[in-house]
Amino acid sequence: MADMLDVVLRHLDALVAFDTRNPPRRIGTCGIFDYIRAQLPGFQCEVTDHGDGAVSLLAVRGAPTRVFNVHLDTVPSSDAWSADPLRLRVTGERAIGLGACDIKGAAAGLLAAASATTGDVAFLFSSDEEANDARCIAAFLAGDRGFSEAIIAEPTRCQAVLAHRGISSVLLRFRGEAGHASGAHALQANALHQAMRWGCAALALVEAESGARFGGLTGLRFNIGKIEGGIKANVIAPSAEVRFGFRPLPSHDIDALHLRFGACAAPGALERYEETFRGPPLPAGPAADAEPRRQAAQALAERLGLAVGPAVDFWTEAALFSQAGLTALVYGPGDIAQAHAADEWVALEQLQRYAESITRLLGN
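Keep in mind it's a predicted model, so treat the numbers as computed, not measured.

From N to C terminus, the chain includes 10 helices and 15 strands. Taken over C-alpha atoms, the radius of gyration comes to 23 Å for the chain, in line with the 21 Å a tight globule of 364 residues would show. Taken across its 364 residues, the chain has 51% of its residues classed as buried. For the chain, restricting intrachain contacts to residue pairs at least 6 apart in sequence, the fraction spanning at least 24 positions comes to 79%. As displayed, the chain offers around 15500 Å² of accessible surface, 50% of which is attributable to carbon and sulfur atoms. Between the averaged position of the 32 positive side-chain charges in the chain and that of its 41 negative side-chain charges there is a distance of 3 Å.

All told, the structure shown has 16 aromatic pairs when counted by the stated rule. Measuring from ring centre to ring centre gives 6.1 Å for Phe140 and Phe321, while their planes differ by 55 degrees; the resulting arrangement is tilted. Placement of the pair is Phe140 in helix 4 (residues 135-142) and Phe321 in helix 9 (residues 318-323), with a sequence separation of 181 residues. Each member of the pair, Phe140 as well as Phe321, carries the same accessibility label: buried. One aromatic cluster is present, built from ring pairs that chain together Trp198, Phe222, Phe244, Phe246, Phe261 and Tyr273. Across the ring face of Trp345, the terminal group of Arg94 is positioned such that the distance to the ring centre comes to 3.8 Å.

What follows concerns the environment of Met196. Relative to the helices and strands, Met196 resides in helix 6 (residues 191-208). Met196 gets classed as exposed once you look at its relative accessible area, which sits at 56%. Sequence separation between Met196 and Val242 is 46 residues; the distance between their C-alpha atoms is 9.6 Å.

Conventions and cut-offs
Residues numbered from 1 in each chain as written. Predicted model: local features only at pLDDT ≥ 70, side-chain atom pairs only at ≥ 80, totals over all residues. Heavy atoms only, no water. Helix = DSSP H or I, 4+ residues; strand = E, 2+ residues; numbered from the N terminus. Rg over C-alpha atoms; globule rule 2.2 N^0.38 Å. Buried < 20%, exposed > 50% of the residue type's maximum accessible area, 1.4 Å probe, protein only. Contact = heavy atoms within 4.5 Å. Areas by Shrake-Rupley, 256 points an atom, 1.4 Å probe, with all protein chains shown as cover. Lys, Arg positive; Asp, Glu negative; His and termini not counted. Charge placed at Lys NZ, Arg CZ, Asp CG, Glu CD. Phe/Tyr/Trp six-rings, centres within 6.5 Å; stacked < 30°, edge-to-face > 60°. Lys NZ or Arg CZ within 6 Å of the ring centre and 35° of its normal.

Structure representation (structure tokens):
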């Protein structure tokens, strides 16, 4: 194990140098995927282009029933970086580079562990996680490959995360009746007024859910992100559009919440209610089954000797594996506080701990 960190850093240096920023979604089947295949002798490798920058690589050795998943795409870099984001820098106890924390550090750890072991294992590398367009995972789960367990790499400080919130994004469109703002009917005819009334009712709904709990998580997270509409101050707004999102607990019924949010609008005020994106919570499935499935993931973590950490508020693709019936948990090096930040970094101790733990799992 003395040389494990050196091996991880060598791989991480190479992985960070590949430009996999998403957007602009210009990720192809060569480049980083060629590098990974070259590091996995003895693996059966299957590269699939799902279109629009979504590429997956499934690498299998032996006949495993557990798959390790890690995404290779990163968020775009910003002008706030103090040096080239595509060049790894190791300073003090940190490895700094775009994707070092989220989550190429885990990919480097998997490659290092693979070269140090000979046991059965499956790795699924994907490239569309940052796009909210999970083509890679959806295509993988559409096939019956015989996997029953999944460990998804995200920054969890080398703790097994068994539960997290889901996510749902919604577009609302309110109808109004244009006219002069001096009219007595402006209060009811104005689409923006209807949107504001809806917002007040929706906030009250969310506050009423403050006592909901699951696995250490509390309440319903909610955000009105954008309101558009109207023409000018003396014209009654004929239309208005609202975009909002909420993050439910695994014990919440997402469809029931949509009905309740829709009912916050006055009768006849809504012209359109459209869910634009949904990511199920972890564990996924009927709310009544959430706790038994969380317990199954805890049993898996304990069997693998992984320390169990608290549930988290951020969403991961582990929920998609759970939704497909696999026992899934999230486990990876680094702290989510560093993800998506300028001069993103991961602690060297975390990289070594992760690589050593995966090596132990593959060795067993």
